[in-house]
Amino acid sequence: MSRNGPPSDFQSRLIKAIYETSPDGILVVDAQGMVVAHNRQFLQLWNIVPSQLHMKADGTAIGESDAPLLAEVVARVQNPAAFLERVRELYDNPQLDDHCEIELKDGRTLERHSTVLRGEHDEYLGRVWFFRDITTQKNHEAALIQLARHDPLTGTANRRYFFERAEQEFMRSRRYHAPLSITLIDVDHFKQINDQYGHATGDEVLKLLSQKISTLLRENDLLARIGGEEFAILMPSTGLAGAALMAERLRLAIAEEASPVAGLMLHLRFSAGVTQLKAQDQSIEDCLRRADEAMYKAKQAGRDRVEACA
């Protein structure tokens, strides 16, 4: 090996080896829109069959226009119009680099990098595109978010995520002068259920209750388990009357008939306290305290009822 560096043949073989074994799909297009190079991983990532494009005998599109490849790629993305617009923008603006994620119709997510190729005198030679399948990584991230934000027993939001969202809605309510209400729910006689039937049955009660409530809430309402048998409902853009009406509807839906739980038919009941954010509230905790006081009144008044605190 030369002291001045490896021979050019060695360099070209090294580059070829890296190019062909790369986990990235690589596509190189020149300034005239002709394909200079692409590796097999590029075709595999995009599920492109060479025979479909009438490629050359070696199974490549090298030396051909990139239009057929682009058409195949565009047909596979979730948002083809936005994808194509960005590709054209990058081709029209050689000074731009790109890094983004692309959702495919088959459910996968690809990460895309694109950078410009320039010659010795800074002339524009073309553009290199790198694609990598990050579906597993995205799924793992989503699973971690799910664990961080949700109660493992009921699948509802957990206490931490509830307060995160409640703080966001508190600020939004203040900014846009929109109503915001909170309902606190506590399962009646839950200790008796645990003592008489066991904690496993108690867990099933909480799961069933949360499922029934979730089916009746609006899409922008948030149900969270914030304590043992205590749930909270964050109700954006909802005044006190609407929130109380919804809480009563939930109570009646739960109480109207016995529920099948762990082979038993149990009559479930809950007490609820409802309140609306006030102008003088300094934080979301002020609103929560009133909801908790209203819920305590419901308990003191005999349970199985909704109390609203103006």
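The coordinates are above.
Residues numbered from 1 in each chain as written. Predicted model: local features only at pLDDT ≥ 70, side-chain atom pairs only at ≥ 80, totals over all residues. Heavy atoms only, no water.

Chemist: Any chance you could explain the pairing of strand 8 (residues 230-236) here in plain terms?
Modeler: Along any regular strand the residues' side chains alternate between the sheet's two faces. Most of strand 8 is tucked away: 7 of the 7 residues are buried. Of the two faces of strand 8, both are covered, the one formed by Glu230, Ala232, Leu234 and Pro236 as well as the one formed by Phe231, Ile233 and Met235. In this sheet, strand 8 lies alongside strand 6 (residues 180-187) in antiparallel orientation, the contact comprising 7 bridges. Residue pairing for strand 8: isoleucine 182 is matched across the bridge by leucine 234. In the sheet, strand 7 (residues 222-225) pairs with strand 8 via 4 bridges, with the strands oriented antiparallel. Across the sheet, the residue bridging to leucine 222 is leucine 234, located in strand 8. (Buried < 20%, exposed > 50% of the residue type's maximum accessible area, 1.4 Å probe, protein only. Helix = DSSP H or I, 4+ residues; strand = E, 2+ residues; numbered from the N terminus. Pairing = 2+ DSSP bridges.)

Chemist: What should I look at first to understand the side chain of arginine 127 in this one?
Modeler: Considering the arrangement of structural elements, one finds arginine 127 in strand 5 (residues 124-133). Buried within the structure, arginine 127 lacks any salt-bridge partner; aspartate 97 is the closest side chain of opposite charge, at an N-O distance of 4.8 Å. For arginine 127, the side chain forms a polar contact with the main-chain oxygen of leucine 96, separated by 2.9 Å. (Lys, Arg positive; Asp, Glu negative; His and termini not counted. Salt bridge = Lys/Arg side-chain N within 4 Å of Asp/Glu carboxyl O. Polar contact = N/O pair within 3.5 Å; in protein donor to acceptor, adjacent residues only side chain to side chain.)

Chemist: Help me understand the sheet that holds strand 7, please; the structure alone is not making it clear to me.
Modeler: Neighbouring strands of a sheet are bound in pairs by backbone hydrogen bonds; such pairs are parallel or else antiparallel. Here 5 strands make up an open sheet; going across it, the order is 7-8-6-11-12 and the pairing mixed. The sheet terminates laterally at strand 7 and strand 12 (306-309), the two strands that pair on one side only. On average, adjacent strands in this sheet sit at an angle of 20 degrees to one another, irrespective of strand direction. Where strand 11 (residues 270-276) and strand 12 come together, 4 bridges link them in parallel fashion. Its bridge partner being in strand 12, glycine 273 is matched across the sheet by glutamate 307. Sheet strands in contact with helix 6 (residues 159-176) are strand 6, strand 7 and strand 8, and its direction is about 25 degrees off that of strand 8. Across the sheet, helix 9 (residues 240-255) is in contact with strand 6, strand 8, strand 11 and strand 12; its angle to strand 11 comes to roughly 170 degrees. (Axes fitted to C-alpha atoms, helices over the stretch in contact; angles between N-to-C directions. Contact = heavy atoms within 4.5 Å.)

Chemist: Honestly, the nonpolar core in this entry has me stumped. Any pointers?
Modeler: Among soluble globular proteins, nonpolar side chains are generally buried collectively. The biggest cluster of nonpolar side chains holds 27 residues, and the ones touching the most others in it are Ile213 and Ile233. Going through the elements one at a time, strand 6, helix 7 (190-197), helix 8 (199-216), strand 8, helix 9 and strand 11 are the ones with two or more residues in this core. For this core, the element with the most residues is helix 9, which contributes 6 residues. Excluding residues that lie within four positions of it along the chain, isoleucine 233 makes contacts with Phe162, Ser181, Ile182, Thr183, Ile185, Ile213, Leu217, Asp221, Leu222, Leu223 and Leu250. (Core = buried A, V, L, I, M, F, W, Y, C linked by side-chain atoms within 4.5 Å.)

Chemist: Any chance you could explain the sheet that holds strand 4 (residues 109-118) here in plain terms?
Modeler: Here 5 strands make up an open sheet; going across it, the order is 2-1-5-4-3 and the pairing antiparallel. Of all strands in the sheet, those bounded by a partner on one side alone are strand 2 (35-38) and strand 3 (98-103). Within the sheet, the average angular offset between the axes of one strand and its neighbour, ignoring direction, is 20 degrees. Direction of pairing for strand 4 relative to strand 5: antiparallel, over a ladder of 9 bridges. In the strand pairing of strand 5, serine 114 is matched with tryptophan 129. Against the sheet, helix 4 (residues 80-92) engages strand 1 (25-30), strand 3, strand 4 and strand 5, with an angle of about 145 degrees to strand 5.

Chemist: Quick question: what am I supposed to make of helix 4 here?
Modeler: Note on helix geometry: an α-helix contains 3.6 residues per turn, so any two residues three or four positions apart are oriented the same way. An ideal rise of 1.5 Å per residue puts 18 Å on 13 residues; helix 4 measures up with 18 Å between its terminal C-alpha atoms. Every buried residue of helix 4 is accounted for by Phe83, Leu84, Val87 and Leu90. All buried residues of helix 4 fall inside an arc of 125 degrees around its axis, so they share one side. Exposed and oriented more than 90 degrees from the buried face of helix 4 are Ala81, Glu85, Arg88 and Asp92. Looking at the packing, one finds that the buried side of helix 4 touches helix 3 (67-74), strand 3, strand 4 and strand 5. (Expected span 1.5 Å × (residues − 1). Arc of directions from axis to C-beta.)

Chemist: When you look at the state of the cysteines in this model, what are you seeing that I'm missing?
Modeler: Note on terminology: disulfide describes a covalent bond linking the sulfur atoms of two cysteines. Under the counting rule described, the total for this entry stands at 0 disulfides. The closest cysteine sulfur to the non-disulfide-bonded cysteine 287 is located on cysteine 309, 9.2 Å from its own sulfur. The exposure class assigned to cysteine 309 is buried, which follows from its relative accessible area of 18%. (Disulfide = S-S within 2.5 Å.)

Chemist: What exactly am I supposed to notice about the packing of aromatic side chains here?
Modeler: Aromatic ring pairs are described here by two measures, namely the spacing of the ring centres and the angle between the planes. Evaluated as defined, the whole model comprises 5 aromatic pairs. Arranged with centres 6.4 Å apart and planes meeting at 65 degrees, the rings of tryptophan 46 and phenylalanine 83 form a pair that is edge-to-face. With a gap of 37 residues between them, tryptophan 46 in the loop between helix 2 (40-45) and helix 3 and phenylalanine 83 in helix 4 connect regions that are remote in the sequence. Here tryptophan 46 and phenylalanine 83 have matching classes, each one buried. An aromatic cluster is present here, built from Phe42, Trp46, Phe83 and Phe131 joined pairwise through their rings. (Phe/Tyr/Trp six-rings, centres within 6.5 Å; stacked < 30°, edge-to-face > 60°.)

Chemist: Explain helix 9 to me, please; I cannot follow it from the model alone.
Modeler: Over its 16 residues, helix 9 extends 22 Å from the first C-alpha to the last, a length consistent with the 22 Å expected when each residue adds 1.5 Å. Listed in full, the buried residues belonging to helix 9 are Leu240, Ala243, Ala244, Met246, Ala247, Leu250, Arg251, Ile254 and Ala255. Across the axial projection of helix 9, the buried residues extend over an arc of 160 degrees, all falling on one side. Of the residues in helix 9, the exposed ones pointing more than 90 degrees away from the buried face are Ala241 and Leu245. In this structure, the buried residues of helix 9 make contact with strand 6, helix 8, strand 8, strand 11 and strand 12.

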